[in-house]
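Inside the fold
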Amino acid sequence: MKVAKRDILLLLGLIGILAGVGSYFLVYQPTMEDAEALEQENEELQARINDLSSKMDNKDSYIAQTESMNQEMEAIFDMFPVDVREEDGVLLAINQELIAPMMISSVGITSCEPVVLQDSEEDVDHTYEIDEIEEYEAQEGIGDDPVAASDAAAGGVDNSNMPSILMDRSVTMNYLVAYDGLKRGIKNITMQENRMSINNLTVSYDESTGLLSGTTVVDMYCIPGQPGKTYVEPNFSSVLLGSDNIFGSIELYGGGLQLLDNEAEGEEGEEGEEAE
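Residues numbered from 1 in each chain as written. Predicted model: local features only at pLDDT ≥ 70, side-chain atom pairs only at ≥ 80, totals over all residues. Heavy atoms only, no water.

1. Comments concerning a negative patch on the surface
A grouping of Glu-33, Asp-34, Glu-36, Glu-39, Glu-41, Glu-43 and Glu-44 is seen on the molecular surface, where their side chains present a negatively charged patch. Relative to the assigned elements, Glu-44 resides in helix H1 (residues 5-57). (Patch = residues over 30% accessible without salt bridge, like charges linked within 9 Å, V, L, I, M, F, W, Y side chains within 5 Å. Areas by Shrake-Rupley, 256 points an atom, 1.4 Å probe, with all protein chains shown as cover. Salt bridge = Lys/Arg side-chain N within 4 Å of Asp/Glu carboxyl O. Lys, Arg positive; Asp, Glu negative; His and termini not counted. Charge placed at Lys NZ, Arg CZ, Asp CG, Glu CD. Helix = DSSP H or I, 4+ residues; strand = E, 2+ residues; numbered from the N terminus.)

2. Let's talk about the nonpolar core
Ranked by internal contacts, the top residues of the largest apolar core, which has 18 residues, are Met-173, Tyr-175, Val-177, Val-218 and Met-220. Among the secondary structure elements, those contributing two or more residues to this core are helix H3 (86-99), strand S1 (102-109), strand S3 (167-177), helix H6 (179-190) and strand S5 (211-222). Broken down by element, the residue count for this core peaks at 5 residues, all from S3. With near-sequence residues (within four places) excluded, Met-173 lies in contact with Ala-93, Gln-96, Ile-104, Ser-106, Val-107, Gly-214, Thr-215, Thr-216 and Val-218. (Core = buried A, V, L, I, M, F, W, Y, C linked by side-chain atoms within 4.5 Å. Buried < 20%, exposed > 50% of the residue type's maximum accessible area, 1.4 Å probe, protein only. Contact = heavy atoms within 4.5 Å.)

3. Observations concerning the side chain of Asp-168
By the element assignment, Asp-168 lies in strand S3. The side chain of Asp-168 sits in the buried core without any salt bridge; Arg-169 is the nearest counter-charge, 8.7 Å away. For Asp-168, the contacting residues outside a window of four places in its chain are Ser-111, Cys-112, Glu-113, Val-115, Asp-219, Met-220 and Tyr-221.

4. Side note on the pairing of S5
The buried count for S5 comes to 10 of 12 residues, which makes it a mostly enclosed element. Summarising the sheet, S3 and S5 pair through 11 bridges and their orientation is antiparallel. Of the residues in S5, the one forming a bridge with Ser-170 is Asp-219. Both strand S4 (residues 196-206) and S5 contribute to a ladder of 10 bridges, which runs antiparallel. (Pairing = 2+ DSSP bridges.)

5. Some words on the confidence of the model for the chain
When the pLDDT values of the chain are averaged, the result is 75; 67% of them are 70 or greater. Predicted confidence for residues 121-128 stays below pLDDT 50, and this span has 4 contacts to residues more than four positions away or in other chains. Note on residues 143-160: pLDDT under 50 across the span, and 15 contacts to partners over four residues away in sequence or across chains. (pLDDT = per-residue confidence, 0-100.)

6. Quick notes on the pattern of salt bridges
If you walk through the whole model with that rule in mind, you get 4 salt bridges. Here Arg-85 makes a salt bridge to Asp-83, at a shortest N to O gap of 2.9 Å. In this structure Arg-85 comes out as partly exposed when scored by relative accessible area, which is 31%. Taking relative accessible area as the criterion, Asp-83 reaches 23% and is therefore assigned partly exposed.

7. Here's the deal with the packing of aromatic side chains
Taken as a whole and assessed by the stated rule, the structure comprises 0 aromatic pairs. The ring of Tyr-231 has Arg-85 sitting right over it, with the charged end atom 3.8 Å from the ring centre. (Phe/Tyr/Trp six-rings, centres within 6.5 Å; stacked < 30°, edge-to-face > 60°. Lys NZ or Arg CZ within 6 Å of the ring centre and 35° of its normal.)

8. Observations regarding a nonpolar patch on the surface
A cluster of nonpolar side chains, namely Ile-17, Val-21, Tyr-24, Phe-25, Leu-26, Val-27, Tyr-28 and Met-32, defines an oily patch on the protein surface of about 830 Å² accessible area. Structurally, the position occupied by Tyr-24 is in helix H1. Relative accessible area serves as the criterion here: at 40%, Tyr-24 is assigned to the partly exposed category.

9. Quick look at H6
For H6, with 12 residues, the first-to-last C-alpha span of 17 Å sits near the 16 Å given by 1.5 Å per residue. On the buried face of H6, the contacting elements are H3, S3, S4 and S5. (Expected span 1.5 Å × (residues − 1).)

10. Examining the packing of H3 against H6
Contact geometry for H3 and H6: axes closest at 9 Å, N-to-C directions at 140 degrees. Compared by their axis directions, H3 and H6 come out oblique. Read as a crossing pair, H3 and H6 show a hand that is right-handed. Residues Asn-95, Gln-96 and Ile-99 of H3 touch H6, and the partners they reach there are Arg-184, Gly-185, Asn-188 and Ile-189. (Axes fitted to C-alpha atoms, helices over the stretch in contact; angles between N-to-C directions. Parallel < 35°, antiparallel > 145°, perpendicular 65-115°, else oblique. Left-handed = near helix turned anticlockwise from the far one by under 90°.)

Structure (structure tokens):
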């Protein structure tokens, strides 16, 4: 079969068009997509490098600010003991009885648990991964600089041993007290050296005694793991132990004393009439 020259040219043109289209979709387009992805990645990396370079330029300022913040945190930590134990709650109840004064009928002490802070938000501004920062430092030779490492240590940047858990132990006291004694008891709690707060306070008038029947819940705070600090045991030397009356005694409060005096006078009058 004889093929015309025109048909051959048309066939060659069609082959050329298919080759061009195939080259575009199979070679050129993937190459351009890879180039665009690399360009975008380079822009992101350059932005990170610029930001890290800016931080390196302000390194001294950051170290000074970090040292100042560490000093402020240490001052706050000094306000809290490293531990709060059951005996601390017992001693607080004893002091309340003596200072208010009040008659405590029962004391409840919970275990020491971490404090859950409400409305705490995580810091979402730091988006750099640790390995990326280390990679940049390796490229720039920052991580191998002993001077920079010593400056960071001198500036207090290393806070790996810094305590960060706030814990508390709740002490619940049920008592009878006069109004003035209630105010003295509240003031005594606010004047304690260790950090504590009144979580709940409920009082009601007790008609049988003429006093206030109340319940106070005190949260006693501590921060464990503070370097250089140890637990200080409470001093019970001022607490009276034992009793001269092994059969116990009855203490009368408020109007009860006057009522007993009136009853005593009435009984004396009745005895006089019987004697006559």
